[in-house]
Amino acid sequence: MSEVNSHGNRGQVSGSYSPVRGGSSASAAIPNTPVQQAYPQPSNYQAPIAVPTHMAGGSPNYGGSPSNFNGGGKHTSKLLIVGIIILVLALISLAIAMLFVFKPFGLFEEEVNAEAPNVGQVEEMFKSSDFEKNMLSGFQFVNTENMQDPKLKNTKVGEVKRNDANKEIYCEASTDAEVANDSISASTTLSMRLTYDKDSSSWKDGGVQTGNISATPEGPADIAAIQESIPSLLRSYDSSVAAQFSGSEITSDSQLTKDGGTASFVLTKAAEGEGEAKTCTVNTEVKWNDSRGWQVTITSVDGIEEQPEEPPEEQPAPEEPAQNNEPAQQPSSGGSSGGNGGNGGNSGSQPTMLLVCYSGDLVQVPGVIEFEGSHILLRTDHVIRVELDNRVFITTYFELTGNGGWYRGEHTTVIGEIGATGSLGKAPLVINVDYV
């Protein structure tokens, strides 16, 4: 048993102690067992502070020993957890801020609210595109100089749209346009796609598209342009005459109005050596075509001297002739005839044009487009003697293959590769316009 001396210190004493349980004495004493017992404390004694401790074996221990005191460690753990949480939140906030500042991979891209351009802006874009030349580029022998300022009306600007695939902002615009000068007046509907440039905060045009064009002649055809094309037209009409007058000086005399008319061209070939200069007159007819402009057709050639006939060269026996073939014969080289080819295979008609070529050669033949079932035919302006691969064909029809975009009754000059593979009796020859 411990005992407190006068200095407040404890000592151990030996003895026995018999606990009393339920008011009866224990049957045996437990010898030499130290027991803690409460004694009165001195007035200057500072008692230990009571703190919670772990309950070991179900018995509380209030000794206040440092080995059993755990409160300071728990406090430190809580502060560490709070610090980690604050650090994680700070890192998350910093990462979000960097995403907004640097916008990697286009994330968090700022939304652009572009307003559609006004009508005035769009009309200036149309005018600056120089669309007049594109409108009239398909019209032949039309003078496009000194065009008046184009007139625009019914200009419309569509709503602003966004293409999520390529982040493009765009809108569609259209207008009705009229152009005119002393030679022609034309109208059409123009359209244009506008795209928004984010860097300059402005609209950019993507090119003007032209719709169907309605055109009316206001004056005669451009006679100077026709004069320049006479050598080419003459080669299609009569290649032998064109060869005789290659490099000739050309002068014109015309009676053309806005309704068309006729024009004559005098070709003068300089003399070679001591010979005299020779001339011929090419007569043409000029008519208006609503989709192509002025169409020029050679009607006759005057002043061609008769060429002496030469005996034909001996040739191998020809293959079985096609339905409208004739035996080879020397065609008449003279003439101002210019007769029409008429209908059908004209095997008995006198040819007025000569075409000497081989399969695959590029040829030019003028005529009128006709349809027969699924076949597209060119009815030639004249009866043509075609000497192809040492075979002779007298014909007024060619079958056309390829993509030409023709319409019935159209007068045109077809350019393509010739071949003897026609599937119709009256058109044994084919012109393929899809040549390379």
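Everything here concerns the structure above.
So, here's what we can say about the structure.

Rules used throughout
- Residues numbered from 1 in each chain as written.
- Predicted model: local features only at pLDDT ≥ 70, side-chain atom pairs only at ≥ 80, totals over all residues.
- Heavy atoms only, no water.
- Phe/Tyr/Trp six-rings, centres within 6.5 Å; stacked < 30°, edge-to-face > 60°.
- Buried < 20%, exposed > 50% of the residue type's maximum accessible area, 1.4 Å probe, protein only.
- Lys NZ or Arg CZ within 6 Å of the ring centre and 35° of its normal.
- Core = buried A, V, L, I, M, F, W, Y, C linked by side-chain atoms within 4.5 Å.
- Helix = DSSP H or I, 4+ residues; strand = E, 2+ residues; numbered from the N terminus.
- Patch = residues over 30% accessible without salt bridge, like charges linked within 9 Å, V, L, I, M, F, W, Y side chains within 5 Å.
- Areas by Shrake-Rupley, 256 points an atom, 1.4 Å probe, with all protein chains shown as cover.
- Salt bridge = Lys/Arg side-chain N within 4 Å of Asp/Glu carboxyl O.
- Pairing = 2+ DSSP bridges.
- Axes fitted to C-alpha atoms, helices over the stretch in contact; angles between N-to-C directions.
- Contact = heavy atoms within 4.5 Å.

## Some thoughts on the packing of aromatic side chains
Scanning the entire structure with this criterion turns up three aromatic pairs. Residues Tyr196 and Trp203 carry aromatic rings whose centres are separated by 5.2 Å and whose planes lie at 65° to one another, so their mutual orientation is edge-to-face. The burial state of Tyr196 is the same as that of Trp203; both residues are buried. Where Trp288 meets Trp294, the ring centres are 5.1 Å apart and the plane angle is 75°; that geometry is what we call edge-to-face. By relative accessible area, which is 1% here, Trp294 ends up buried. Aromatic rings pair up to connect Phe139, Trp288 and Trp294 into one cluster. Directly above the aromatic system of Phe245 lies the positively charged group of Lys278, at a separation of 5.7 Å from the ring centroid. Taking NZ or CZ as reference, Lys426 lies 4.5 Å from the ring centre of Tyr397, over its face.

## Brief notes about the nonpolar core
Counting 47 residues, the largest nonpolar core has Leu234, Leu267 and Val301 as the members making the most contacts within it. Here this core gets six residues from one element, more than from any other, and that element is strand 6 (residues 184-197). Counting residues in each nonpolar core, the second largest holds 19 residues, with Val363, Val365, Trp406 and Ile431 among its members.

## Concerning a nonpolar patch on the surface
Together, Leu80, Ile81, Ile84, Ile85, Val88, Leu89, Ile92 and Ile96 make up an exposed nonpolar region whose accessible area comes to about 750 Å². Assignment of secondary structure puts Ile81 in helix 1 (residues 71-102). Ile81 gets classed as exposed once you look at its relative accessible area, which sits at 51%.

## Considering unusual backbone geometry
Residue Asn154 is not a glycine yet carries a positive backbone phi of 55°. Inspection of the secondary structure puts Asn154 in strand 3 (residues 151-157). Positioned with a positive phi, Ser201 is a non-glycine residue whose angle comes to about 55°. Within the fold, Ser201 resides in the loop between strand 6 and strand 7 (202-210).

## Considering the sheet that holds strand 12 (residues 293-302)
Taken in spatial order, the four strands line up as 9-10-11-12 in an open sheet, and their pairing is antiparallel. Two strands close off the open sheet at either side, each with one partner strand: strand 9 (249-254) and strand 12. Strand-to-strand twist across the sheet, computed as the mean angle between neighbouring axes with direction ignored, equals 25°. As defined by bridge partners, strand 9 adjoins strand 10 (residues 261-269) across six bridges and the pair is classed as antiparallel. Counted as the bridge partner of Thr251 is Val266 from strand 10. Lying on the sheet, helix 4 (residues 223-237) is in contact with strand 9, strand 10, strand 11 (278-289) and strand 12; it crosses strand 12 at an angle near 55°.

## Concerning the pattern of salt bridges
Oppositely charged side chains can form a pair if their charged atoms are brought close together. Within the structure shown, the criterion is met by eight salt bridges. Glu172 serves as the salt-bridge partner of Arg193, at 3.1 Å between the closest nitrogen and oxygen. Taken as a pair, Arg193 in strand 6 and Glu172 in strand 5 (residues 168-180) lie far apart in primary sequence, 21 residues in all. When its relative accessible area of 39% is taken as the criterion, Glu172 is described as partly exposed. The partner of Arg379 in a salt bridge is Glu370, and the shortest N-O contact between them spans 2.6 Å. Given the relative accessible area of 18%, Arg379 is considered buried. Connected through shared salt-bridge partners, Glu168, Glu172 and Arg193 make up one network.

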